[in-house]
Amino acid sequence: MAPEGRPGGPGRALRLLAAPVSGALLAAAFPALDLGPLALVALVPLLLAVDTVRPRTAAALGYLAGLTFFGLHLLWIAQFLSWTGAVAWLAWGALSAIQAAAFAAFFALVPATRRLGAWRLLVLPACWAVLELVRAHHPIGGFPWGLLALSQHDAGPLLPLARVVGGFGLAAVIVAVNLAVAFWLRALFVSAPAGWRRWAALAGLPLLVVGLLGARLAVPAAPAPSGRPLDVVVVQAGLRGGHGLAQGQTTEQVFANHVRRTEALAGSPGGPPDLVVWGEGAADADPLTNPDRLAAVTRAARAAGAPILLGATTRLDDTHRATEALLFTPEGRLADRYQKRRLVPFGEFVPFGSVLGRLVPATREGVPYDKVPGRRLEPLVIDGVPVGPLICWESAYPGDARQLTRDGARLLLVMTNNASFGTGAGPRQHLAAGQLRAVEEGRTIVQAAVTGISAVIEPSGATRQETGLYQETVLRASVLPRSGKTPYVRHGRTIQAGLVGLAAGGLVLAGLLWWRRRGGEDRPGPPALL
């Protein structure tokens, strides 16, 4: 393996600088700055820096890049948990530190797989995708935030590819672009093997660009609309107030605002809508056990002449609560319900609460009881149209939206309460997840947020009728149902299995090559650009 450079030399200093630079560039590709094209080159400085160092050094630099990225990307965590005081910053730091481990693992693999040569353009992107798969689902249900494909949410040049390969496949494509740029720069500016290998490296990036342009043009269109449009009204009537989780708690005034806005639909132009939606927790006191709440919901449904799908914290028994979407008929009768399956750690339950609650009492101050997750995931039928319900950050899990679409959902509905995110980048990052899901599934998504951002998301990922944060308003849209299935909906699991197989096979091959040559001297590689 090539030497790492003299201690204290300029090469080591530049390598150390490359880590936070890559992390910061990648953070800038996501909301709040939202400079999506940066994701196509953000990893290049660190890829160049670690290619000729030992894997453990590359892991340390990768970890520093990950800390930088997640530290910037997740700053809203401190506001989300501000009710805990200094614990909020400890939680922000701990979560960033845990998530950064995926960066450490990936960048350790960059020098560890050098013997694979150009095959790394396939193996390393698959490894990144697998690491995202793991951290999106583990531990404690995972944390599907800061996934690379989300950087392309706002009409990114590669976004349509998600309709075929999904978010994890798109992440692999983005990493492949970064690798191709790094290899091209190395071949162009650094001494590299002469002959056809150098020319192959120089041609690699242009060929990849041409290939991606061809793939982009070959992506099938979203499924065509089928059936009559559904007239949907989203009532956004939350208020600014409180701090931390208290910002997301529903007060009597917030509930009254939703009732008032819904009653005002009576006699509005266009006649009664097909559905009125209130966001997650709009009726925080259980309408099924609170007669006053139920009477108000019934009055609003009758005035609007439409069914109401509302978010509520329901009482399962004396000690158990749940986050649910309750569907009431225009007469105010409960017609169906969906119980949230993926609960938010430290928002709806405290992991290892019996222990952690004693060690850090502040964790129980905002979450006095753990909610119960639901088990059923299937569309609700509204005016004859199957609608796929997702609550809050369930929209960040691609498998849920894919299952609902496979089970017949012709449009998707995200009900959320982002008030506890405050005014930081969190609400915009959450909306980005919905934009990616819309492209993957080829469905229109209606996002209904108590305090914003509410929006209609087209199958292209573009938003319309987007509301502001803490804006009291009504969004009314004609939404086209769709019944066709995208390649990702049909073959999403196969694509993910293929990525896992490619990563595993490549690592096994790299290990065998290392094992075969373990007794000899490593061949020196080309010097790093940094």
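Everything that follows concerns the structure shown earlier in this document.
Reference entry: report on the structure contained in this document. Since the structure is predicted, the reported quantities are computational estimates derived from the model, not experimental observations. (Residues numbered from 1 in each chain as written. Predicted model: local features only at pLDDT ≥ 70, side-chain atom pairs only at ≥ 80, totals over all residues. Heavy atoms only, no water.)

## Quick look at the sheet that holds strand β9 (residues 445-449)
Whenever strands of a sheet pair, they do so through backbone hydrogen bonds, lying parallel or antiparallel.
Thinking step 1. Here 6 strands make up an open sheet; going across it, the order is β6-β7-β8-β9-β10-β11 and the pairing mixed. At either margin of the open sheet sits one strand with a lone partner, and together these are β6 (380-382) and β11 (463-464).
Thinking step 2. Where strand β10 (residues 455-457) meets β11, 2 bridges bridge the pair, whose relative direction is antiparallel. Within β11, the residue paired with I457 across the bridge is T463. (Pairing = 2+ DSSP bridges. Helix = DSSP H or I, 4+ residues; strand = E, 2+ residues; numbered from the N terminus.)

## Focus on the packing of helix α13 (residues 398-406) against helix α14 (residues 426-441)
Helix-helix packing: each pair is described by the crossing angle between the helix axes and the interaxial distance.
Thinking step 1. Viewed as axis vectors pointing N to C, α13 and α14 meet at an angle of 40°, and their least axial separation amounts to 10 Å. Between α13 and α14, the interaxial angle falls into the category oblique. Considering only the axes of α13 and α14, their crossing is right-handed. Residues P398, A401, R402 and T405 of α13 lie in contact with α14, whose contacting residues are R437, E440 and E441. (Axes fitted to C-alpha atoms, helices over the stretch in contact; angles between N-to-C directions. Parallel < 35°, antiparallel > 145°, perpendicular 65-115°, else oblique. Left-handed = near helix turned anticlockwise from the far one by under 90°. Contact = heavy atoms within 4.5 Å.)

## Observations regarding unusual backbone geometry
Thinking step 1. Between P31 and A32 the backbone carries a cis peptide bond, its omega angle lying at 25°.
Thinking step 2. A cis amide bond, omega 10°, links G452 with the succeeding residue I453.
Thinking step 3. Checked against the element boundaries, I453 lands in the loop between β9 and β10.
Thinking step 4. Even without a glycine there, the phi angle at D34 is positive, about 60°.
Thinking step 5. The class of D34 is partly exposed, set by a relative accessible area of 23%.
Thinking step 6. In the Ramachandran plot, I140 falls in the positive-phi region, its phi being about 50° despite a non-glycine side chain.
Thinking step 7. Take I140: it is sitting in the loop between α6 (120-137) and α7 (162-189).
Thinking step 8. Assessed through its relative accessible area of 44%, I140 is described here as partly exposed. (Buried < 20%, exposed > 50% of the residue type's maximum accessible area, 1.4 Å probe, protein only.)

## So, the packing of helix α3 (residues 55-73) against helix α5 (residues 86-112)
Thinking step 1. Direction vectors running N to C along α3 and α5 enclose 140°, while the axes themselves pass 6 Å from each other. Relative to α5, α3 is oriented so that their crossing is right-handed. Together, P55, A58, A59, G62, Y63, A65, G66, L67, F69, F70 and G71 of α3 and W92, S96, A97, Q99, A100, A101, F103, A104, F107, A108, P111 and A112 of α5 make up the contact between the two elements.
Thinking step 2. Split into classes, the residues belonging to the contact of α3 with α5 amount to 18 nonpolar, 5 polar and no charged. (Nonpolar A, V, L, I, M, F, W, Y, C, P; charged D, E, K, R; others polar.)

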